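A structural walkthrough
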Amino acid sequence: MSEKRELILSFESSCDETSVAVIENGDKILSNIIATQIDSHKRFGGVVPEVASRHHVEAITICAQEAMAAANVTYRDLSAVAVTYGPGLVGSLLIGVNAAKAIAYAHHLPLIPVNHMAGHIYAARFVKPLKYPLIALLVSGGHTELVYMRKAGEFEIIGDTRDDAAGEAYDKIGRVLGINYPAGKEVDELAHQGHDTFNFPRAMLKEDNYDFSFSGLKSAFINTVHHANQIGEQLNRADLAASFQASVIDVLTAKTIRAVNEYHVDQLVVAGGVAANHGLRDAFAQRLSELDHHVDLIVPPLRLCGDNAAMIGAAAHIEYQKHHFADLYLNADPNLEFTYQA
Ligand code: KG4
Ligand code: ZN
């Protein structure tokens, strides 16, 4: 007898991507429609919440229709509807939450609330099955967290950023280099053309915790550029980018690998928008290969590192199996933290 097909229709609208996906059994993407708003926000140098909400309203129904059509399924085939309900921009989250509720209500389907950050981690399921316990490094525009997962759906934050998130630091120094928001990808490309000549600080590297701090690095970078401007000196942009990136990578890899060793895990997941960074991906592969035991590195493919609904469907499937459903009073929670329910 063939295995039952569990199909989840998932929604993601926490920031500046409207996305709807259909996922089979938690690890197979039947469709993953992503409508990005980046062009509308670029000229403001960051995401404008009001503009984001309006775009979500315009795009979400079309994305849902496209996701269903591309997956070639009907609403009767679905097992559940899932949605990101936090963390994120409240107005943006509400659009996804209401769309998911409407479909769940109309088609008598269970509604699964998903934490956006859990979604980023579960994007790794599309690469290979997760084995617990594992460590996940979550690096995005709003978060830099080291997460210990003892089992599926259980998240313990063991390290966090004290100030700026890694992606936020990329976007801020990118601006100083004249690069449009979001700057991460271009800074990464520029970094590959330069060398680490500026020796920027490696914050909190020696400290006995798993926390991160990137605002000192950001300030050192900005001060270096301002000082050079004042005295009319021209600095090498590629070397600046390479030096910034080397500092970020050193700190992220050193702390994460220490956690991998101290928590005795065999799998490391690196996820979130900044996990698309080529320097970071290569550095993790290299440094893990130097360990005396094998640690499996799972980094989602580039298109699944940024915000998307496929990852929400992957995370939702874990909750589906535990029957963690919400009622139609589900609300957006912009500051949602990781919680765990057995
Ligand atoms: O996860 P994400 O798409 O959205 C949030 O949930 O925040 O992450 C977006 C962040 C932005 O700050 C962007 O600059 C950064 O990810 N990013 C990168 C790269 N690609 C995107 N940062 C460094 N290197 C990259 N290649
Ligand atoms: Zn994200």
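Residues numbered from 1 in each chain as written. Chains lettered and ligands numbered in written order. Predicted model: local features only at pLDDT ≥ 70, side-chain atom pairs only at ≥ 80, totals over all residues. Heavy atoms only, no water.

As recorded in an unreviewed UniProt entry, the chain goes by tRNA N6-adenosine threonylcarbamoyltransferase and comes from Candidatus Paralactobacillus gallistercoris. Turning to the chain, the UniProt annotation filed under Catalytic activity (unreviewed entry) states: "L-threonylcarbamoyladenylate + adenosine(37) in tRNA = N(6)-L-threonylcarbamoyladenosine(37) in tRNA + AMP + H(+)". Recorded under Subcellular location (unreviewed entry), the UniProt text for the chain is reproduced unchanged: "Cytoplasm". (UniProt positions renumbered as here; feature names shortened; annotations may be inferred.)

What follows is about the UniProt feature "binding site: Fe cation" (unreviewed entry) in the chain. UniProt records the feature "binding site: Fe cation" (unreviewed entry) for His 116, His 120 and Asp 307 in the present numbering. Spanning 192 residues, the annotated positions come together in the fold, the maximum distance between their C-alpha atoms being 8.7 Å. As for its position among the elements, His 116 is in helix 4 (residues 116-122). Those residues in contact with His 116 that sit more than four places away from it in its chain are Glu 12, Ser 14, Thr 84, Gly 86, Pro 87, Asp 307, Met 311 and Ile 312. Polar side-chain contacts of His 116 include one of 3.3 Å to the side chain of Ser 14. With respect to the secondary-structure elements, His 120 resides in helix 4. A residue is classified by how much of its surface remains accessible, and His 120, at 2% relative accessible area, is buried. With residues near it in sequence (within four places) discarded, His 120 still touches Leu 138, Ala 271, Gly 272, Gly 273, Cys 305, Gly 306, Asp 307 and Met 311. A distance of 3.0 Å separates a polar atom in the side chain of His 120 from a polar atom in the side chain of His 116. (Helix = DSSP H or I, 4+ residues; strand = E, 2+ residues; numbered from the N terminus. Contact = heavy atoms within 4.5 Å. Polar contact = N/O pair within 3.5 Å; in protein donor to acceptor, adjacent residues only side chain to side chain. Buried < 20%, exposed > 50% of the residue type's maximum accessible area, 1.4 Å probe, protein only.)

A word on the UniProt feature "binding site: substrate" (unreviewed entry) in the chain. UniProt marks Leu 138, Val 139, Ser 140, Gly 141, Gly 142, Asp 171, Gly 184, Asp 188 and Asn 277 with the feature "binding site: substrate" (unreviewed entry), using the numbering shown here. In this fold, Asp 171 is placed in helix 5 (residues 166-176). Excluding residues within four positions of it along the chain, Asp 171 makes contact with Tyr 181, Pro 182, Ala 183 and Gly 184. With respect to the helices and strands, Gly 184 occurs in helix 6 (residues 184-191). By relative accessible area, which is 22% here, Gly 184 ends up partly exposed.

This brings us to the site of ligand 1. In the vicinity of ligand 1 there are 20 residues, among which Gly 141, Asp 171, Gly 184, Gly 273 and Asn 277 approach most closely. Between ligand 1 and Asn 277, the relevant distance is 2.9 Å, taken from a nitrogen atom to a side-chain nitrogen or oxygen of the residue. Within the complex, 86% of the 550 Å² of free accessible area of ligand 1 lies under protein. Mapped onto the shell around ligand 1, the elements with two or more residues apiece are helix 4, helix 5 and helix 6. Its residues placed into classes, the shell around ligand 1 shows 5 nonpolar, 11 polar and 4 charged. (Near = heavy atom within 4 Å. Areas by Shrake-Rupley, 256 points an atom, 1.4 Å probe, with all protein chains shown as cover. Nonpolar A, V, L, I, M, F, W, Y, C, P; charged D, E, K, R; others polar.)

Attention now moves to the nonpolar core. Membership of the largest hydrophobic core comes to 51 residues, with the highest contact counts inside it found for Ile 135, Phe 244 and Val 270. Of all the elements, helix 8 (residues 237-262) adds the most residues to this core, at 12 residues. Ranked by size, the runner-up nonpolar core spans 35 residues in total, among them Ala 21, Leu 138, Val 269 and Leu 304. (Core = buried A, V, L, I, M, F, W, Y, C linked by side-chain atoms within 4.5 Å.)

What follows covers the state of the cysteines. Across all of its chains, the model carries 0 disulfides by this definition. Free of any disulfide, Cys 15 has its nearest neighbouring cysteine sulfur in Cys 63, separated by 15 Å. Accessibility expressed as a relative area gives 22% for Cys 15, which makes it partly exposed. Cys 305 carries a free sulfur, and the closest cysteine sulfur to it, the one in Cys 15, is 16 Å from it. (Disulfide = S-S within 2.5 Å.)

On to the sheet that holds strand 4 (residues 80-86), then. With mixed pairing, 5 strands are arranged side by side in an open sheet as 3-2-1-4-5. On the outer flanks of this sheet lie strand 3 (28-36) and strand 5 (111-115), each paired with one strand and no other. The average undirected angle you get between the axes of adjacent strands in this sheet is 20 degrees. On the sheet, helix 3 (residues 90-106) packs against strand 1 (7-12), strand 4 and strand 5 and is oriented at approximately 160 degrees with respect to strand 4. Those strands touched by helix 10 (residues 310-321) are strand 1, strand 2 (17-24), strand 3, strand 4 and strand 5, and its axis lies near 125 degrees from that of strand 1. (Pairing = 2+ DSSP bridges. Axes fitted to C-alpha atoms, helices over the stretch in contact; angles between N-to-C directions.)

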